[in-house]
Structure formats: structure tokens, C-alpha cells
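# Structural characterization, general
Listed below are the residues making up each chain.
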Amino acid sequence: MAVPNCLPSAFVACDGPEYLGSALLIEDDLPLRPALTPWIAALWVEPDFRRRGIAFRLIRSAVSAAAQIGYTDCYLNATDENSPYYEQRGFDRIESAVGDVNVFRISTGDHCA
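From a predicted model like this one, the values you see are computed outputs, not experimental measurements.

### Focus: the pairing of strand S2 (residues 18-26)
For strand S1 (residues 9-15) and S2, the ladder comprises seven bridges, and the chain directions are antiparallel. Looking at the pairing, Cys14 lines up with Tyr19 of S2. Here S1 folds back onto S2 in antiparallel fashion, the turn holding two residues, of which Gly16 has a positive phi close to 65 degrees. Judged from the five bridges that link them, S2 and strand S3 (residues 39-45) form a sheet pairing that is antiparallel. The residue of S3 that forms the bridge with Gly21 is Val45.

See the structure below:
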């Protein structure tokens, strides 16, 4: 993994030439919370490749990169439907119902343990 030296950064999972999924590490993904940064955003895994740990590895890569450029926390927003996924992977819900999403934080020291 190449370590970015600034935001934004993109992480892409592939198997040879086949795209499996991706995630972004960006400065701001929730205008209602401008003081929180950086954000893991646009996490996507192609439907045929879900439930194989790809999303978790993309998240871990983004968290690790954030740590390497000096951030102590990463943030993420998710709908009620998707929130349990992140809670099961070490994210702490810090706010509920901010607009139509919940806000999560994970320490970069945790590296999604």
C-alpha cells in the first residue's frame, strides 16, 4: 500500500484486472460536522464479491493511512441499516440521526482490530 501524504486518497481492491471495490479517505463527508476529519467515504464492494472481507480490508487500509499521516481518529457516516456492520468492526457511534445518518469514529491506533 502506498501511503498518501494528503487528502483525498483512494483505495482500490482488485483481482488482476477485475475491480472488486474501493473506499476513499477524504477531508469532509458530512457538512453538518465540519470539524471532524478525515472521513472514510464511498465504501463499495461489487455485489459478487461481498462477504469476503474486502470492505474490512479497504477500511483498514484507510485507517492505517490516516494514522501514517498523523490523524488519531477517522470518521464515517452510515444509515441505520448499515450501522451494525461498522459497530461490529470497532467503530463507535458518536451521534445518531444527524440528518439521515449516524456518525461513527474509530481510533487510528486500533487499525480496525
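On we go from here.
### Describing the pattern of salt bridges
Applying the stated rule across the entire model yields two salt bridges. Across the pair Glu95 and Arg33 runs a salt bridge whose closest N-O atoms are separated by 2.7 Å. With a gap of 62 residues between them, Glu95 in strand S5 (residues 92-98) and Arg33 in the loop between S2 and S3 connect regions that are remote in the sequence. Since its relative accessible area comes to 27%, Arg33 is described here as partly exposed. Arg93 serves as the salt-bridge partner of Glu87, at 3.0 Å between the closest nitrogen and oxygen. Among the residues examined, Arg93 registers a relative accessible area of 35% and is labelled partly exposed.

Rules behind the numbers
Residues numbered from 1 in each chain as written. Predicted model: local features only at pLDDT ≥ 70, side-chain atom pairs only at ≥ 80, totals over all residues. Heavy atoms only, no water. Pairing = 2+ DSSP bridges. Helix = DSSP H or I, 4+ residues; strand = E, 2+ residues; numbered from the N terminus. Salt bridge = Lys/Arg side-chain N within 4 Å of Asp/Glu carboxyl O. Buried < 20%, exposed > 50% of the residue type's maximum accessible area, 1.4 Å probe, protein only.

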